[in-house]
Each structure stands twice: as structure tokens, then as C-alpha cells.
Amino acid sequence: MRLGCCGTTGLVIGVLISATSARGQLTSSETDALSKLQSSANTAACSASDASSCAQAAAKLIPVILGDSPMIENLRKLTDEIGGRVTGTAAMAKAVQWGIAGFRAAGVDVHSEDYSLPVTWNEGATRLTIIAPASLTLSNATLRAVSEGWSPAIPHGGVDANVTDVGDGSEVELSRAGNLKGAILLVHSEIGSSWPDLFNEYMRPPGIIARATKDGAAAILWMGARERLLLYRHTNSLTGEIDRIPQAVVAREDGMRLARVVAANPGKVRVRLEMPNQVNGPTEQENVVGEIRGYEKPDEVVILGAHLDSWELGTGALDNGCNAALVIEAARAIKSMGTLPKRTIRFVLFSGEEQGTIGSLAYVKSHASELDKLRGVVIVDSGSGRFTGFSLGGRSDTEAGLRQILKPLDAWGATQHTADASFGTDNFDFLLQGIPTFVANQEISNYLANYHAASDTFDKVDQRELKLNTVIAALAAWGIADRTEPVGKRLTRAELDSLVRQTGLDEQMKLLGYWEQWQSGARGRKP
Ligand SMILES: [Zn+2]
């Protein structure tokens, strides 16, 4: 997932972007741009005070990544042959092997790191049927629906209940709906088309779930936010534990029809919701960690990461297979430069991201003693839309260094860095530890239209943009690792307290249930 992003605006299109051929080979104008980079290599450094050159690095990375590369075939195998990979499933275990094989083929050292996933979850045969009034049961009585991830199972036979339309689920609407006990609630949604829409898709449910649970509702039906019957799955449980109340997403058109018949037959529409989800566990899960050791300060580390897990209605191509492939390709390209960075670069494929960034939290916990020497974390998790810059996780002190590092690629337009901070991807627990984090800001492109949906497949990935994004991500990781001075310091708890307030991250954490852990020091830098 990636829940929020900066706004995006029109961008200057660099010569390399406009001229890249479909085959990913260098065109003549790319070669020109490359030779310009090579000739400026001695002047454009990764930082103000050292001779190390990010322009030189860019000039080496570009032909490797834009030339013949295994990245696209790697991605095709992950998505078409392994497919959707929910954390805790056999497909996820295969994806871990895919990641290990990918790093090995790139000539990069690799290992996996275990952690415990609280439960495993598989959808059963979800079925939503109108059972009353009788006049509605003659045809099209079965509505298209899928269980939300990590929803509790409804025991065999399902639950029969009246449907109560609670509109958008606001306090006012919920109060107007009257007694919710035993009812199945139908919550309306707007069609999502922007980053703020997606953010709201996650920020709205916690209050509704709390109220529904308190009032003893039987289940919640979320009207789909995507048109043309497109089904998608995510979870509102962000701890890896089973959610408090059964929930399903109903295909938008079916949900709207249900709302209309409820309005026309007040108090009389009953449905049967069958949702025999399989819940097991706990189980061991793995993050995959590739590594290129630094030659000067090997105990100082920079992470380039993306999550490898996905939902499984589609094959997790935009979210986030393409960026898992990007991380492996960046490792291959940096390895092939033939020059080691000053600091160690770790290339991490996280699991458990879709269940609440559980894998990256596990990494932070198991590497707690190294966090003082973790110099930066770069995360990519928004499909294959063009990079517009990086989200700096609520700080501005890291911006100057990042600009120096990416200067050789300024013409590519990834220069709109933003000082926002939000929950939503694997930088979260690093940010809360005071580590400089950099999450790629990307054009929304086709990300939201296919978000967590059956349609998130290999064919949706823009291969050209993915390669260009790979160059930028690789250069960012290289530059943070190779510049003389760290790109930013580790923030103290007091500085983080102020960052959390100033960015509104406090309100997000309260809504999503993380606030007490943050306050007590169970999550984030200890007070
Ligand atoms: Zn994602």
C-alpha cells in the first residue's frame, strides 16, 4: 500500500525520459545525455565536501539499467508465475525464494531474516445473498463481494440480518440509523481517484468499526470505491491480528443497488453473509536482505527497500511487485559499477507490509542496536508512476543532501521533495526511530484505479518509467551511502515528538491505534 502522497503537478520531461526506446536500449539522444554526464562527472559530487561523484555513479547506472536487464522478466515471473502473495501463504514463501534468487543472480550477498506473524489468513467462499423480501430473491439475488483481509470468519452457514444503510458512516449518519444491534451495515463510498481519496479510505473506517463493534452490529459491508464491479481487498486491521467485526467489500454497482432497495423497502431487506475465512498461525515470516558492504564505514548502513508481499485478487504488480524488482535491479546495477560505496547498502524486500508494515517493524526491532548507524532508508511503494521527488518524513534537514545526490538527474524532474509524514508504508517505524527516510513521491498514474484489485497485473506496469525510477532510486541509495557526511542525523525523542505534532502524524496514529504504543515507547524511539 501507500496511503498518501504529495500533490503532483506537471513536470519537466528530461531528454532521457522522452527518448527512451520501448526496448530499454539507449537511443542516440540518451547516449548524448550520458556523455554529458560523464564529462561533468568530475565536478558534480554527492556532497559539498568530498570528491566522490554522484554524476560518475549516474553515468554508470544508466546504461546498466536502461540496457539489457533481467528486471522485467523477473517481474513477469513474480507476478504471472508466483502471483498474488499474501504474507503467511505458500505463494509468499515462493516469492521469498524469488527474491533470494534475484539477488544471487545479481552477484549480491543475500540472506533472509525471520519474524513471527501473529496469524495467517485465507479467504473462504464469501457469498452475499439477498434473502428477503421474497420479491427480490428471484434473480440477481447474489451480490458480488469479497472479505476484507484479516476479517474474522463467519461460522458455517453465515449470518442472516437486516441491512441498515449508514450512509458515509459519519457520526451523524450512524446516530440517524438508530439501533445497530444485529444489523449488517452498508457504508457508502465515493470513487477514489486521488492520493487524498486513498488516504481517506483508510482514515474513515476505524471510527465506523469502533461504533459498529460497540453497538453489536453483525458485520459491515463497504461499498466498493472502484467502478465496473472491480473487487479489491485490503485490511482495516493494522496489527496483524484478526479484526473486531466481519467486513466485506461489495462491488460498487451491487452496493448501490442494495442501497436503493433498502431505501425502497425500509426495514425489510435481509441478506445472508457467508464468510468462512480460514484463520491459523502464528507462523514465521521472512524479510529478504541483499547487501553490498561499504569499503570505508561498513558498519554504517543505508537501506533501499520495497515490500514483496501483496494481496491476491490480482498478482500484485503495481503494488508492489514492480518495486521489489526495482530494488533487485538497483542492487545489480550498483554491484556492476565495480566501485564500492563508503557505507554498506542493504536492499530489503519486506513482507507483512499489507498487514500494517509488520515486516519493517520486525526489522527495526531486530536491528535495534544498529539504528544509531543507520544513515537513511529509501522506500518505493506507489506503482510505476514517474518519480516526482521524495517525501522526507516530516523533516527538512535532509533535503539539501538529497538534492546534491540527485543533481545529475535534475532534468528527469524528480525534484519536488515534500516534508510530509504519514503512515502507509515501510518507512514508518524507521521514521519513528528518528532515521532519515525518503519515500518516492510518484505520479498516481494507474495506481489507484487498480489498487489492491483483481486488475493489478503485469500488463499495468509502465516498464519505461519503472526503469527510469530504478536509476533514481539506485542513485539515491548510492549517494547516501557514499557521501562523506551523513545525509541527516538521527532525531532525538524530543525532536520526534515535535515532528509528530507538526506533521499531524499524531492524529493519524490516534486514529489508526498506534498512539499508545508510541507514547509508551513500545513503538518508536524511547522517551
Ligand atoms: Zn504497497
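Reading the values: the criteria
Residues numbered from 1 in each chain as written. Predicted model: local features only at pLDDT ≥ 70, side-chain atom pairs only at ≥ 80, totals over all residues. Heavy atoms only, no water. 1 Å grid on protein atoms, 1.4 Å probe; cavity = no way out; pocket = protein on both sides within 12 Å on 5 of 7 lines; lining within 4 Å. Points joined across faces, edges and corners; volume = space filled by probe spheres on them. Helix = DSSP H or I, 4+ residues; strand = E, 2+ residues; numbered from the N terminus. Nonpolar A, V, L, I, M, F, W, Y, C, P; charged D, E, K, R; others polar. Pairing = 2+ DSSP bridges. Axes fitted to C-alpha atoms, helices over the stretch in contact; angles between N-to-C directions. Contact = heavy atoms within 4.5 Å. Buried < 20%, exposed > 50% of the residue type's maximum accessible area, 1.4 Å probe, protein only. Disulfide = S-S within 2.5 Å.

**Q** Which parts of the structure should I look at to understand the layout of surface pockets?
**A** Over the atoms rolls a probe the size of a water molecule, and its path tells where empty space is left. In this structure, the largest pocket occupies an estimated 350 Å³ of space. For the largest pocket, the lining is made up of 21 residues, of which H188, S189, E190, E201 and R204 are closest to its centre. Going through the elements one at a time, α7 (195-203) and β8 (219-223) are the ones with two or more residues in the lining of the largest pocket. In terms of residue count, α7 provides more of the lining of the largest pocket than any other element does, 3 residues in total. In terms of residue class, the lining of the largest pocket is built from 8 nonpolar, 6 polar and 7 charged. Size it by volume and the second largest pocket reaches roughly 290 Å³. Of all the elements in the fold, those that place two or more residues in the lining of the second largest pocket are α8 (205-214) and α16 (505-512). Ranked by residue count, the leading element in the lining of the second largest pocket is α16, at 3 residues.

**Q** I keep staring at unusual backbone geometry and nothing clicks. Help me out?
**A** Comment: phi is negative for the bulk of residues other than glycine, and the bulk of peptide bonds are trans. Cis geometry is adopted by the peptide bond preceding P133, which originates at A132 and carries an omega value of 0°. Note on placement: P133 falls in the loop between β3 (127-132) and β4 (142-143). N320 follows D319 through a cis peptide bond whose omega is 10°. For N320, the location among the structural elements is in helix α10 (residues 317-336). Despite not being glycine, W150 has its phi angle at roughly 60°, a positive value. Its place among the elements puts W150 in the loop between β5 (145-147) and β6 (159-165). Although it is not a glycine, S445 adopts a positive phi angle of roughly 45°.

**Q** Would you mind showing me how to read empty space enclosed by the protein here?
**A** The final tally for this structure, using the stated rule, is 5 cavities of 30 Å³ or more. The space that makes up the largest cavity amounts to roughly 80 Å³. If you trace the largest cavity, you find 13 residues lining it, with R2, S391, S422, N427 and V439 closest to the centre. Each residue belonging to the lining of the largest cavity can be placed in one class, and the counts come to 4 nonpolar, 7 polar and 2 charged.

**Q** Just checking my understanding: could you explain the sheet that holds strand β17 (residues 437-442) for this structure?
**A** Strand-to-strand pairing in sheets goes through backbone hydrogen bonds, with the strands running parallel or antiparallel. Here 7 strands make up an open sheet; going across it, the order is β1-β12-β14-β13-β15-β17-β16 and the pairing mixed. What marks the edges here is a single partner per strand, and that holds for β1 (109-117) and β16 (387-391). Averaged over all neighbouring strand pairs, the angle between strand axes comes to 25°, with direction disregarded. Relative to β1, helix α11 (residues 358-366) is tilted by about 105°, and along the sheet it contacts β1, β12 (283-292), β13 (297-307) and β14 (343-350).

**Q** Which parts of the structure should I look at to understand the pairing of β8?
**A** Regular strands place their side chains on alternate faces of the sheet. Burial runs high along β8: 5 of the 5 residues are buried. On β8, burial covers both faces: A219, L221 and M223 on one face and I220 and W222 on the other are all buried.

**Q** I tried to follow the sheet that holds strand β7 (residues 184-187) on my own but got confused; where do I start?
**A** Taken together, 8 strands build an open sheet; the order of strands is β4-β3-β10-β6-β7-β8-β9-β5 and the sheet is mixed. At either end of the open sheet lies a strand with only one pairing partner, and these are β4 and β5. Two strands pair when backbone bridges link them, and β7 and β8 are joined in this way by 4 bridges, in the parallel orientation. When the sheet's bridge partners are listed, L185 is paired in β8 with I220. α8 contacts β7, β8 and β9 (247-250) of the sheet and is inclined by roughly 150° relative to β8.

**Q** Teacher, can you tell me more about the state of the cysteines here?
**A** Following the criterion strictly, the structure yields 1 disulfide and no others. A disulfide bridge connects C46 with C54, and the sulfur atoms are separated by 2.0 Å. Residues C46 and C54 are joined through a disulfide that is right-handed, its torsion about the S-S bond being 105°. Judged on exposure class, the residue C46 and its partner C54 are both buried.

**Q** Help me out: how do you make sense of the environment of D165 in this one?
**A** The residue D165 is located in strand β6 in this model. Taking relative accessible area as the criterion, D165 reaches 27% and is therefore assigned partly exposed. Considering only alpha carbons, one finds D165 and A259, 94 residues apart in sequence, at a separation of 6.5 Å. Aside from chain neighbours lying at most four places away, what touches D165 is A177, L186, H188, A259 and V262.

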